Amino acid sequence: MIFSSFFKALGQLGDPRFRKVLFLGIGLTLALLIATYAGLLAVIEWLTGETTNLPIVGEVTWVGDLLSFGSLFLMLFLSAFLMVPVASAITSMFLDEVAQAVEDRHYPRLPPANRVPFGEAVKDTINFLGIIIAANLLALFLYVAFTPAAPFIFYAMNGYLLGMEYFTLVAIRRVGRQKAKEQRRRHVTTIWLAGILMALPLSIPLINLIIPILGAATFTHIYHRLSGNA
């Protein structure tokens, strides 16, 4: 079921609505990262001013420039680390359109789904973003402590998070938040395994950016298979 759902989703990647959500998510992610870097530069400038007094050395003018230059490398490192989780979270605000595209093509006899209000989608996005960033930051300590098991920890953790998020996102449109959580608990093993399949390409640059789209499409099929609609 998982693989058949995955390949059905893969076959629909050329859908214009899929591309729209992908480009929107990447664009907003880049805008957020650029805005964050601009804010960081503003804070550095505010803290250092035009000149800085250093012990023994005295007044210097290069501290702000040094910190700004260093912050560029820091931001590039963080961007490489956070690009995928941030893009996943932001894109999740618009994945309702992906699920609808899948249903229009494969399940046209279903009644109209309940659209999640945009404000609620933004709240869910912020919560998911916080959870996935915090989990991946905490996992860094596990990677160091259990280095040989680091890949397994990465895929198991992100697979669980992605699976829970995408299944809930799809189910909530059909049965509401409470019943979506109940279904998620009943099918936790299937959802986790499917989430791991979504997590496997996360370490592949560029390919990892389509995971939110592919994940939402795959879990739309999985949800309807589990619900007996397929």
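What counts as what
Residues numbered from 1 in each chain as written. Predicted model: local features only at pLDDT ≥ 70, side-chain atom pairs only at ≥ 80, totals over all residues. Heavy atoms only, no water. Helix = DSSP H or I, 4+ residues; strand = E, 2+ residues; numbered from the N terminus. Buried < 20%, exposed > 50% of the residue type's maximum accessible area, 1.4 Å probe, protein only. Contact = heavy atoms within 4.5 Å. Areas by Shrake-Rupley, 256 points an atom, 1.4 Å probe, with all protein chains shown as cover. Polar contact = N/O pair within 3.5 Å; in protein donor to acceptor, adjacent residues only side chain to side chain. Axes fitted to C-alpha atoms, helices over the stretch in contact; angles between N-to-C directions. Parallel < 35°, antiparallel > 145°, perpendicular 65-115°, else oblique. Left-handed = near helix turned anticlockwise from the far one by under 90°. Nonpolar A, V, L, I, M, F, W, Y, C, P; charged D, E, K, R; others polar. Phe/Tyr/Trp six-rings, centres within 6.5 Å; stacked < 30°, edge-to-face > 60°. Core = buried A, V, L, I, M, F, W, Y, C linked by side-chain atoms within 4.5 Å. Salt bridge = Lys/Arg side-chain N within 4 Å of Asp/Glu carboxyl O.

Along the protein, the regular secondary structure elements total 8 helices and 2 strands. The proportion of buried residues among the 230 residues of the protein is 43%. Expressed as a percentage of contacts within the protein between residues at least 6 apart in sequence, the contacts between residues at least 24 apart total 77%. As displayed, the protein offers around 12600 Å² of accessible surface, 71% of which is attributable to carbon and sulfur atoms.

Once that is clear, we can look at the side chain of T220. Inspection of the secondary structure assignment puts T220 in helix 8 (residues 211-226). You can call T220 buried: its relative accessible area is 0%. Within polar-contact distance, the side chain of T220 engages the backbone oxygen of A216 at 2.7 Å.

The description of two helices packed together rests on the angle between their axes and the distance between the axes. Put simply, helix 7 (residues 188-199) and helix 8 touch, their axes get as near as 10 Å, and they point 150 degrees apart. Considering the angle they form, helix 7 stands roughly antiparallel to helix 8. As for the relative orientation of helix 7 and helix 8, their crossing is right-handed in sense. In contact with I191, A194, G195 and M198 of helix 7, helix 8 contributes I211, L214, G215, T218, F219 and I222. Class assignment for the residues of the contact of helix 7 with helix 8 results in 7 nonpolar, 3 polar and no charged.

For the rest of this paragraph, the subject is the packing of aromatic side chains. Counted by the stated rule, this structure contains 5 aromatic pairs. With a centroid separation of 5.4 Å and an interplanar angle of 70 degrees, the aromatic rings of F6 and F7 are classed as edge-to-face. Taking the relative accessible area as the measure of exposure, F6 reaches 15% and is therefore buried.

Counting 47 residues, the largest nonpolar core has F18, L95, V98, L162, M198, I213 and F219 as the members making the most contacts within it. Looking at this core, the elements that each hand over two or more residues are helix 1 (2-10), helix 2 (16-48), helix 4 (95-106), helix 5 (118-145), helix 6 (150-186), helix 7 and helix 8.

On to the pattern of salt bridges. Opposite charge on two side chains allows them to pair when their charged atoms are near. Summed over the entire model, instances satisfying the criterion amount to 6 salt bridges. Notably, a salt bridge pairs K20 with E97, separated by 3.6 Å at the nearest N-O pair. Taken together, the residues K20 in helix 2 and E97 in helix 4 connect sequence positions 77 residues apart. Three or more residues joined by partner-sharing salt bridges are found here, namely D96, E103, R173 and R174.

On to the packing of helix 4 against helix 6, then. One way to put it is that helix 4 packs onto helix 6 with a least axis distance of 10 Å and a crossing angle of 65 degrees. By the angle between their axes, helix 4 is roughly perpendicular relative to helix 6. Where helix 4 crosses over helix 6, the two elements pack in a sense that is right-handed. Between helix 4, through L95, D96, A99, Q100 and E103, and helix 6, the contact on the second element is made entirely by Y166, L169, R173 and R174. Split into classes, the residues belonging to the contact of helix 4 with helix 6 amount to 4 nonpolar, 1 polar and 4 charged.

Turning to its location among the elements, M198 is positioned in helix 7. Along the sequence, M198 and L162 sit 36 residues apart, while their C-alpha atoms lie 7.4 Å from each other. The contact partners of M198, leaving out residues within four places of it in the chain, are F6, L162, I211, L214, G215, T218 and F219.

The quantities given are spatial measurements derived from coordinates; they are silent on function.
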